[in-house]
Amino acid sequence: MRTAIYPGSFDPLTNGHLDVIQRAAKLFDRVVVAVARNEDKQPLFGLDERLALVKQAVHHLPDVEADTFDGLLIEYVVSRKAQAIVRGLRAVSDFEFEFQLALMNRKLNENIETIFMMPKDTYTFLSSRIVKEIARLGGDVGAFVPAHVRTALTNKFAGT
Ligand code: ADP
């Protein structure tokens, strides 16, 4: 059983994330989308909300599940008996941080590999941060996130 962990803040999940998840699911028997608590990043959506949005988005994918984690990623990866960490690479700007993170995780546990996946080119400009900014200003994010995430963003900024 080859298992990969796809960790991130997913605040909220975008079509770019979903694209990476679907690509990873073709390579592994099981993909666990692991939503990081990351309170210090002051997420717009709480941990439970982010998890629920991911769950709904991967519901139709039989080999994909969603979970949350807190603390050291590498410990979580070992606890889930996974062999790999999946990360998305959009552009050169992602590279330096991701490279550092991957090598640090290898130092902590050399048996765990980090795999980078490139999204479809139309998603390379997408980030949760930009999607939140557009939604906050009243723009339509329908092309960038699944319908239920769009609704959650609209409700969040409407204060409901
Ligand atoms: P983090 O806070 O860990 O960066 P994110 O939710 O922003 O969490 O991203 C999780 C992972 O998904 C990261 O590896 C990030 O580079 C990647 N990612 C984010 N948006 C996209 C996208 N549009 N296409 C491909 N990968 C992406």
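### Let's talk about the pattern of salt bridges
So, point 1. Under the defined criterion, the tally for this structure stands at 13 salt bridges.
So, point 2. With its nearest N and O atoms 3.5 Å apart, the salt bridge here joins glutamate 65 to arginine 30. Of this pair, glutamate 65 sits in strand 3 (residues 64-69) while arginine 30 is found in strand 2 (residues 30-36), placing the two residues 35 residues apart along the sequence.
So, point 3. Several salt bridges share partner residues, and in doing so they unite Arg30, Glu65, Asp67 and Arg80 into one network.

### A few points about the layout of surface pockets
So, point 1. Taken as a whole, the largest pocket encloses approximately 1,200 Å³ of empty space.
So, point 2. Forming the boundary of the largest pocket are 44 residues, of which Gly8, Ser9, Lys41, Arg87 and Arg90 lie nearest the centre.
So, point 3. Listing elements by their share of the lining of the largest pocket, those giving two or more residues are strand 1 (3-8), helix 1 (15-27), strand 4 (84-88), helix 4 (92-108) and helix 5 (128-136).
So, point 4. The biggest single contributor to the lining of the largest pocket is helix 4, with eight residues.
So, point 5. A per-class count over the lining of the largest pocket returns 20 nonpolar, 13 polar and eleven charged.

### Section: the packing of helix 2 (residues 47-58) against helix 6 (residues 147-158)
So, point 1. Look at helix 2 against helix 6: their axes get within 10 Å of each other, and the N-to-C directions meet at 155°. Considering the angle they form, helix 2 stands roughly antiparallel to helix 6. Taken together, the residues of helix 6 that come into contact with helix 2 (itself represented by Glu49, Leu53, Gln56 and Ala57) are His148, Val149, Ala152 and Lys156.
So, point 2. Considered class by class, the residues forming the contact of helix 2 with helix 6 number four nonpolar, two polar and two charged.

### A few points about the sheet that holds strand 5 (residues 113-117)
So, point 1. Strand order in the open sheet made by the five strands is 3-2-1-4-5, with parallel pairing throughout. Every interior strand has two partners, whereas the edge strands, strand 3 and strand 5, have only one. Pairwise comparison of adjacent strand axes, ignoring direction, gives a mean angle of 30° for this sheet.
So, point 2. Looking at chain direction, strand 2 and strand 3 are connected through six bridges and run parallel. Looking at strand 3, one finds that alanine 34 is bridged to aspartate 67.

### Points about the site of the ligand
So, point 1. Neighbouring the ligand are 17 residues, the closest being Tyr6, Ser9, Phe10, Lys41 and Gly88.
So, point 2. Interatomic distance of 3.1 Å between a side-chain N/O atom of histidine 17 and an oxygen atom of the ligand.
So, point 3. Contact with the protein chains removes 90% of the 540 Å² of surface that the ligand exposes when unbound.
So, point 4. Secondary structure elements with two or more residues in the shell around the ligand: strand 1, helix 1, strand 4 and helix 4.
So, point 5. Within the shell around the ligand, the residues separate by chemical class into seven nonpolar, five polar and five charged.

Thresholds applied
- Residues numbered from 1 in each chain as written.
- Predicted model: local features only at pLDDT ≥ 70, side-chain atom pairs only at ≥ 80, totals over all residues.
- Heavy atoms only, no water.
- Salt bridge = Lys/Arg side-chain N within 4 Å of Asp/Glu carboxyl O.
- Helix = DSSP H or I, 4+ residues; strand = E, 2+ residues; numbered from the N terminus.
- 1 Å grid on protein atoms, 1.4 Å probe; cavity = no way out; pocket = protein on both sides within 12 Å on 5 of 7 lines; lining within 4 Å.
- Points joined across faces, edges and corners; volume = space filled by probe spheres on them.
- Nonpolar A, V, L, I, M, F, W, Y, C, P; charged D, E, K, R; others polar.
- Axes fitted to C-alpha atoms, helices over the stretch in contact; angles between N-to-C directions.
- Parallel < 35°, antiparallel > 145°, perpendicular 65-115°, else oblique.
- Contact = heavy atoms within 4.5 Å.
- Pairing = 2+ DSSP bridges.
- Near = heavy atom within 4 Å.
- Polar contact = N/O pair within 3.5 Å; in protein donor to acceptor, adjacent residues only side chain to side chain.
- Areas by Shrake-Rupley, 256 points an atom, 1.4 Å probe, with all protein chains shown as cover.

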